[in-house]
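Structure at a glance
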Amino acid sequence: MKVLGIMGSPRIKGNTDLLLDEALRGAQSQGAEVEKLVADKLNIAPCREYSRCLKDGNCAIRDDMDDIYPKLLDADRVIVASPIFFYGLTSQVKALIDRSQAIWARKYVLKQNLPDSGRKGAFIAVGATRGEKLFDGSILTVKYFFKTIGVKYVDELLIPGVDKKGEIKEHPTALSDALELGRRLAQI
Ligand SMILES: Cc1cc2nc3c(=O)[nH]c(=O)nc-3n(C[C@H](O)[C@H](O)[C@H](O)COP(=O)(O)O)c2cc1C
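Residues numbered from 1 in each chain as written. Predicted model: local features only at pLDDT ≥ 70, side-chain atom pairs only at ≥ 80, totals over all residues. Heavy atoms only, no water.

1. A closer look at helix α3 (residues 65–74)
Counted only if it meets this: Under the scheme applied here, a residue whose accessible area is under 20% of the maximum for its type counts as buried, over 50% as exposed, and between as partly exposed, the area being computed with a 1.4 Å probe on protein chains only. Helix numbering and strand numbering both begin at the N terminus, where a helix is a DSSP run of H or I of at least 4 residues and a strand a DSSP run of E of at least 2. What the arc describes is the spread of directions from the helix axis to the C-beta atoms. For this analysis, residues touch if any pair of their heavy atoms sits within 4.5 Å.
Of the residues making up α3, those classed as buried are M65, I68, Y69, L72 and L73. The buried side chains of α3 occupy one side of the element, clustering within an arc of 130° when seen end-on. Structurally, α3 contributes buried residues whose contacts are with β1 (2–7), β2 (33–38), α4 (91–99), α5 (101–109) and α6 (136–149).

2. Observations regarding the site of the ligand
Condition: Near, as used in this document, describes a residue that has one of its heavy atoms within 4 Å of the molecule or strand being considered. Polar contacts, as counted here, are pairs of nitrogen or oxygen atoms within 3.5 Å of one another; within protein the pair requires one atom able to donate a hydrogen and one able to accept it, and residues that are adjacent in sequence qualify only if both atoms are side-chain atoms. As a working rule, the residues Ala, Val, Leu, Ile, Met, Phe, Trp, Tyr, Cys and Pro are called nonpolar, Asp, Glu, Lys and Arg charged, and the rest polar, with Gly in that last group.
Near the ligand there are 17 residues, and of these S9, T16, T129, V162 and D163 occur at the shortest range. Taking F86, its main chain carries an N or O atom lying 2.8 Å from a nitrogen atom of the ligand. In this structure, an oxygen atom belonging to the ligand sits 2.6 Å away from a side-chain N or O atom of D163. Looking at the shell around the ligand residue by residue, the class counts come to nine nonpolar, six polar and two charged.

3. Side note on a nonpolar patch on the surface
Applied cut-off: Surface patches are drawn from residues lacking salt bridges whose relative accessible area is over 30%; two like charges belong together within 9 Å, two nonpolar side chains (Val, Leu, Ile, Met, Phe, Trp, Tyr) within 5 Å. Only the protein chains shown count as cover for residues, and the accessible areas themselves come from Shrake-Rupley with a 1.4 Å probe. Salt bridges are counted wherever a side-chain nitrogen of Lys or Arg sits within 4 Å of a carboxyl oxygen of Asp or Glu.
A cluster of nonpolar side chains, contributed by L54, Y108 and V109, occupies part of the molecular surface with about 210 Å² of accessible area. With respect to the element layout, V109 can be found in helix α5. When its relative accessible area of 37% is taken as the criterion, V109 is described as partly exposed.

4. Points about the pairing of β1
The condition that has to hold: For two strands to pair, DSSP has to find at least two bridges joining them. A right-handed crossover is one whose linking path, passing over the helix from the first strand to the second, runs clockwise when the strands point away from the viewer.
Where burial is concerned, most of β1 is hidden: five out of the six residues are buried. Across six bridges, the pairing between β1 and β2 is parallel. Bridging from a neighbouring strand, K2 pairs with E33 of β2. A crossover connection joins β1 to the parallel β2 through helix α1 (residues 15–29); in handedness this β-α-β unit is right-handed. In terms of strand pairing, β1 meets strand β3 (residues 77–83) through five bridges, oriented parallel.

Without other data, these values stay purely geometric and don't point to any function.
Shown next as structure tokens:
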């Protein structure tokens, strides 16, 4: 089983990064092969609406997405992890998600069959405040991203009230919950 983790924070060893590492460690403990993509370290241009993908399912832009498309379609499990920035995902991970419009085009415009049998995904998010709707917008985005790439949204870990770099280590349960999420995801 291949588990792909997409790390959306620009802060290496920050809260999201630490949570995702734990989740991937949990998956690994169940025998999964894991890979982590750090969106901020990759060259991923935002979608420019060239609309070439609507014609043949391929994006007109040549950058690191060339290697990421097959990974998105090949992974058995996908974990998106992001801090909340202005009630949404970070622009780094949103750029990757928007560029999956090429996969959307293959599926919904060109009616190609994409691998989706049994593929599952989870969302990990952390935000500083505790507002009731803190994660709502991001959950919708991740659900629609997963639907596009043929992955079922099955699990989430949403941590409010964590702000400073590494503060997640002081949280009573978050890191062990992330480990457990990774284990669960690799078992189902
Ligand atoms: C540009 C920016 C926007 C943010 N917007 C929000 C927000 O809308 N709501 C919130 O609760 N926290 C917000 N935060 C705080 C981060 O979500 C919080 O610091 C988080 O712990 C960062 O996680 P990281 O260490 O993984 O990057 C924002 C932080 C930044 C830098």
